[in-house]
Amino acid sequence: MRYSGFRVIKEALTGHKGWTPAWREPEPKPAYDVIIIGGGGHGLATAYYLAKEFGQKNIAVIEKGWIGGGNVGRNTTIIRSNYLLDGNEPFYEFSLKLWEGLEQDFNYNAMVSQRGILNLFHSDAQRDAFIRRGNAMILNGADADLLSTEQIKARYPFLNTDDARFPIKGGLAQHRGGTVRHDAVAWGYARGADQHGVDIIQNCEVTGFKIENGKCLGVETTKGFIGAGKVACAVAGSSSRLMSHAGMRLPMESHVLQAFVSEGLKPVLPGVITFGAGHFYVSQSDKGGLVFGGDIDGYNSYAQRGNLPVVEDVCEGGMAIFPAFGRARLLRMWGGIMDMSMDGSPIIDKTHIDGLLFNGGWCYGGFKATPASGFCYAHLIARDAPHPHASAYRFDRFEKGLMIDEKGMGNQPNLH
Amino acid sequence: MLINHPLLGPRDAAEFTYLGDASLIDRPDWQAPDAAQAFVEYGYMRDNPAGWHRELWFHEAGDRSWLVVTRNTLTHEISNVELARDVARARGRSK
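Just so it is clear, the model here is predicted, and its values are computed rather than measured.

Points about the interface of chain B and chain A
In step 1: Every contact between the two is made by 23 residues of chain B and, on the other side, 25 residues of chain A.
In step 2: Interface of chain B and chain A: buried area, both sides summed, is about 2,200 Å²; carbon and sulfur atoms make up 49% of it.
In step 3: In this structure, B:Asp47 and A:Arg249 form a salt bridge, with 2.7 Å as the shortest nitrogen-oxygen distance.
In step 4: Applying the counting criterion to the chain B and chain A interface returns 17 residue pairs in polar contact (both at pLDDT 80 or more).
In step 5: Elements represented by at least two residues in the side of chain B that touches chain A include exactly strand E3 (17-21), helix H1 (35-44) and strand E4 (52-58) of chain B.
In step 6: Classifying every residue of the side of chain B that touches chain A gives 11 nonpolar, eight polar and four charged.

A look at the side chain of A:Thr179
Residue and element names in this part refer to chain A.
In step 1: Along the polypeptide, Thr179 turns up in strand E7 (residues 178-179).
In step 2: Note on Thr179: relative accessible area 7%, which makes it buried.
In step 3: Among the polar contacts made by the side chain of Thr179, one reaches the side chain of Arg115 at a distance of 3.3 Å.
In step 4: Among all residues touching Thr179, those that are not within four sequence positions of it are Thr77, Ile78, Ile79, Met111, Val112, Ser113, Arg115, Val272 and Ser283.

Quick word on the sheet that holds strand E6 (residues 78-83) of chain B
All names here are of chain B.
In step 1: Taken together, the four strands give an open sheet; going across it, the order is E3-E4-E5-E6, and neighbouring strands pair in antiparallel fashion. Two strands close off the open sheet at either side, each with one partner strand: E3 and E6. In this sheet, adjacent strand axes meet at a mean angle of 30 degrees when their direction is disregarded.
In step 2: Sheet analysis places strand E5 (residues 66-72) next to E6, joined by five bridges and oriented antiparallel. Looking across to E6, one finds that Val68 is bridged to Glu82.

Details of a nonpolar patch on the surface
In step 1: A cluster of nonpolar side chains, A:Met1, A:Val8 and A:Trp19, forms an exposed patch at the surface whose accessible area comes to about 240 Å².
In step 2: Summarising the element assignment, A:Trp19 is placed in the loop between helix H1 (5-13) and strand E1 (31-37).

Considering the packing of helix H2 (residues 41-52) of chain A against helix H3 (residues 89-106) of chain A
Residue and element names in this part refer to chain A.
In step 1: Packing of H2 against H3 leaves a shortest axis separation of 14 Å and a crossing angle of 70 degrees. It follows from the interaxial angle that H2 and H3 lie roughly perpendicular. The two elements H2 and H3 cross, and the hand of that crossing is left-handed. Touching Tyr48, Tyr49 and Lys52 of H2 are Leu98, Leu102, Asp105 and Phe106, all from H3.

Thoughts on the environment of A:Ala142
In step 1: Examined against the element boundaries, A:Ala142 turns out to sit in the loop between helix H4 (124-139) and strand E5 (145-147).
In step 2: Note: C-alpha distance between A:Ala142 and A:Trp23 (119 residues apart in sequence) is 35 Å.

Remarks on the environment of A:Gly336
All names here are of chain A.
In step 1: One can find Gly336 in strand E16 (residues 330-341).
In step 2: Expressed as a C-alpha distance, the spacing of Gly336 and Cys233, which sit 103 residues apart in the sequence, is 19 Å.
In step 3: Filtering out sequence-adjacent residues up to four positions away, Gly336 remains in contact with Asn71, Arg74, His255, Val256 and Leu257.

Section: helix H9 (residues 370-383) of chain A
Residues and elements named next belong to chain A.
In step 1: The end-to-end C-alpha distance of H9 is 20 Å, a good match for the 20 Å that 14 residues give at a rise of 1.5 Å each.
In step 2: With respect to burial, H9 is a largely interior element, 12 of its 14 residues being buried.
In step 3: By the burial criterion, the buried members of H9 are Thr370, Pro371, Ala372, Ser373, Gly374, Phe375, Cys376, Tyr377, Ala378, His379, Leu380 and Ile381.
In step 4: Of the residues one or two after H9, Asp384 is the one with positive phi, at around 65 degrees.

The rules behind the values
- All chains use their own residue numbering, which begins from 1 and follows the written sequence.
- A letter from A marks each chain and a number from 1 marks each ligand, given out in the order of writing.
- Whole-chain, interface and lining totals are the exception, using all residues; otherwise, since this is a predicted model, local features are given only for residues with pLDDT of at least 70 and side-chain atom pairs are given and counted only at 80 or more.
- Processing note: side-chain calculations cover all non-hydrogen atoms of the structure and skip hydrogens and water entirely.
- In this analysis, two residues are considered to be in contact whenever any of their non-hydrogen atoms come within 4.5 Å of each other.
- When two components associate, each loses some accessible surface as probed by a 1.4 Å sphere; the sum of these losses over both components is called the buried area.
- One side-chain nitrogen of Lys or Arg within 4 Å of one carboxyl oxygen of Asp or Glu is enough to make a salt bridge.
- For the purposes of these results, a polar contact is taken to be a pair of N or O atoms within 3.5 Å, where, inside protein, one atom must be able to donate a hydrogen and its partner to accept one; residues adjacent in sequence count only when each atom of the pair is a side-chain atom.
- In this text, helices come from DSSP runs of H or I with a minimum length of four residues, and strands from runs of E with a minimum of two, each type numbered from the N-terminal end.
- Classes in brief: Ala, Val, Leu, Ile, Met, Phe, Trp, Tyr, Cys and Pro nonpolar; Asp, Glu, Lys and Arg charged; the others, Gly included, polar.
- Note on classification: 1.4 Å probe, protein chains only; a residue is buried when its accessible area is under 20% of the maximum for its type, exposed when over 50%, partly exposed between these limits.
- Only strands that DSSP links by at least two bridges are regarded as paired with each other.
- The convention used is that axes are lines fitted to C-alpha atoms, helices contributing only their stretch in contact, and that angles between N-to-C directions extend from 0 to 180 degrees.
- The patches reported here contain residues having more than 30% relative accessible area and no salt bridge. Joining distances are 9 Å for like charges and 5 Å for nonpolar side chains (Val, Leu, Ile, Met, Phe, Trp, Tyr).
- Values of accessible area rely on a 1.4 Å probe in the Shrake-Rupley scheme; residue burial ignores everything except the protein chains shown.
- The labels follow the angle: roughly parallel below 35 degrees, roughly antiparallel above 145, roughly perpendicular from 65 to 115, and oblique for the rest.
- We call a crossing left-handed when the near helix sits turned anticlockwise from the far one by less than a right angle, and right-handed when that turn is clockwise.
- Expected span of a helix: the number of residues minus one, times 1.5 Å.

Here it is, written out as structure tokens:
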């Protein structure tokens with residue numbers, strides 16, 4: 001069924017009896033050409049692009065719980081492409097371009113809102129770094145706009161630019177950045193994939209791989225063995241756990257990142273703003289809640305909940321830049337588990353096992369990458385060669401010294 | 001989280017900084033023939049288990065000792081805290 005305004009009117013006039021489920025609930029077949037493990041944003045996007053753009057048929061997505069129940073349902077919904085390094089920026093700009101056409105492409109309202117993102121800076125050194133970043137973005141075809149203090153005052157009159165401790169010296173804006181309704185991304189990709197014949201199998205946990213003579217022949221699941229020509233993992237957050245079934249150790253640690261939503265307020269904050277003197281970023285959802293976050297907790301965790309010192313730290317950052325928000329009560333907070341890789345950048349690559357592919361290590365930047373991650377992973381699966389925009393995301397980059405370390409922190413995952 | 005410091009008693013985890021897996025104590029021999037590969041494993045690869053994990057914490061805002069904390073990554077429960085010095089000596093490292 002195709003969704004449209006006309007369809008909504010027709011259904012409204014006929015008692016909403018014509019709506020059908022957005023995707024089927026099939027039982028697994030004995031074998032597929034491609035099995036994608038992980039029904040999150042990246043896995044569903046991979047299935048969608050594999051079927052739609054790369055002409056693959058006979059695909060299944062296998063999900064341990066329900067689709068969209070992991071990090072695609074737990075993030076702070078921001079999209080942007082303001083990266084510095086050559087290995088990253090073309091990829092994220094490709095992703096932002098896919099976001100721009102996404103809703104028409106998969107015929108689903110994902111509420112893509114290009115309300116802009118503004119990174120504030122508070123010192124001369126930070127200004128220099130942001131100018132460099134802005135130039136790198138422009139060189140890669142993205143948009144970047146250096147705003148003066150006056151321009152920021154005109155746009156955001158409530159910001160105190162003359163603060164004694166952290167005066168706002170300007171900001172780097174990406175006007176094409178913004179927010180997206182995160183759950184709708186998973187649902188839209190799921191529906192789109194399903195319409196192209198992909199089997200989405202929920203409540204089916206992968207418990208092992210069948211590997212013979214260096215080739216992956218399929219997966220053992222709670223619903224029995226399922227054979228596959230290729231097995232593609234996309235379970236960021238649990239990557240080490242899953243890949244240990246294939247005897248692999250990964251260059252990453254799992255960490256918990258907390259996010260927060262305030263009670264609903266009238267419109268107070270246009271766009272996304274990040275505070276440059278601490279780690280704090282905030283946007284206002286369409287429901288009115290202030291959605292914000294900051295640092296990861298900083299220790300290995302699979303618990304999907306964090307501890308209070310980081311809550312305090314994030315809220316202190318918020319109070320430093322937006323004292324007025326201190327009057328808003330916190331409505332919800334939660335934690336999600338990140339694959340924190342050793343250089344802060346992801347991996348989209350084959351493994352040493354024939355027919356077993358890997359996508360993960362997204363740190364806390366996976367949501368914005370969803371469309372490009374799916375597209376580039378589908379390219380790798382279908383064509384057996386990396387997509388040009390994702391060619392740097394290799395496993396062997398640590399061995400070869402080709403790290404993509406955006407923050408220059410070295411092999412310390414909790415600092416990325 | 002509270003970390004039960006062997007010398008100081010229970011201390012707030014916020015006083016500590018986290019390094020990572022306690023296997024980092026076992027630095028490879030740089031003169032071994034396979035040193036390059038061993039250092040790739042040492043520097044970049046991690047077990048990253050879901051469950052009990054031995055890890056290095058540094059009491060930065062305290063007595064600046066290194067600790068080996070045995071902690072469950074699924075529940076954040078801490079079962080054992082040792083001085084990293086003692087662990088390293090028991091493995092024949094250091095004096």
